[in-house]
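A closer look at the structure
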Amino acid sequence: MSSRSETLHCVVRAPRDGEALALALSLLRPGDALLLMQDGVFAAFDEAVAVPAGVEACVLMSDVLRRGLDPARIRGFAPVDEAGFVALAARSARQVCWA
């Protein structure tokens, strides 16, 4: 994880449930962080999801496990626990929740 991120973007909806993920991805900039949580964790298993270079991509592991998903199948996202989520939020200048 990097030392400081500009904006932490939290996506809480599955990719099939609206445009939250697409909108978040379109606004990500280098130095930002993206955290998938709640139903947003389904995006971590989708090979079509491309996070821009320079963006820290994370997925909340407790939400992955709560949904019965196999963590070994996560694609391109670093797993974080609740303490990791708090650390991401603490070092971000801003936080946006995409619901």
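Predicted model only: the values in this text are computed from it and were never measured.

Rules behind the numbers
- Residues numbered from 1 in each chain as written.
- Predicted model: local features only at pLDDT ≥ 70, side-chain atom pairs only at ≥ 80, totals over all residues.
- Heavy atoms only, no water.
- Phe/Tyr/Trp six-rings, centres within 6.5 Å; stacked < 30°, edge-to-face > 60°.
- Lys NZ or Arg CZ within 6 Å of the ring centre and 35° of its normal.
- Salt bridge = Lys/Arg side-chain N within 4 Å of Asp/Glu carboxyl O.
- Helix = DSSP H or I, 4+ residues; strand = E, 2+ residues; numbered from the N terminus.
- Buried < 20%, exposed > 50% of the residue type's maximum accessible area, 1.4 Å probe, protein only.
- Pairing = 2+ DSSP bridges.

Here we come to the packing of aromatic side chains. Describing an aromatic ring pair means giving the distance of the ring centres and the angle of the ring planes. Per the stated rule, a full pass over the model turns up 0 aromatic pairs. Lying across the ring of Phe42, Arg16 places its NZ or CZ 5.5 Å from the centre.

Attention now moves to the pattern of salt bridges. Tallied over the entire structure, the rule returns 7 salt bridges. Residues Arg91 and Glu56 are paired through a salt bridge, measuring 2.4 Å at the closest nitrogen-oxygen approach. Here Arg91 is found in the loop between helix 3 (82–90) and strand 5 (92–98), whereas its partner Glu56 is found in strand 3 (residues 56–60), with 35 residues between them in sequence. Both residues of the pair, Arg91 and Glu56, belong to the buried class. Ionic pairing is found between Asp63 and Arg66, a salt bridge with its closest N-O pair at 2.6 Å. One end of the pair, Asp63, and the other, Arg66, are both in helix 2 (residues 61–66), 3 residues apart, so they sit about a helical turn from each other.

Moving on, we come to the pairing of strand 2 (residues 33–36). Both faces of strand 2 are covered, namely the face carrying Ala33 and Leu35 and the face carrying Leu34 and Leu36. Relative to strand 2, strand 1 (residues 5–11) runs parallel, the two sharing 4 bridges. Paired with Val11 across the bridge in strand 2 is Leu36. Relative to strand 3, strand 2 runs parallel, the two sharing 4 bridges. Counterpart to Leu36 in the pairing with strand 3 is Val59.

With phi around 50°, Gln38 is a residue other than glycine that occupies positive phi space. Here Gln38 is to be found in the loop between strand 2 and strand 3. On the basis of relative accessibility, which here comes to 40%, the residue Gln38 falls in the partly exposed class.

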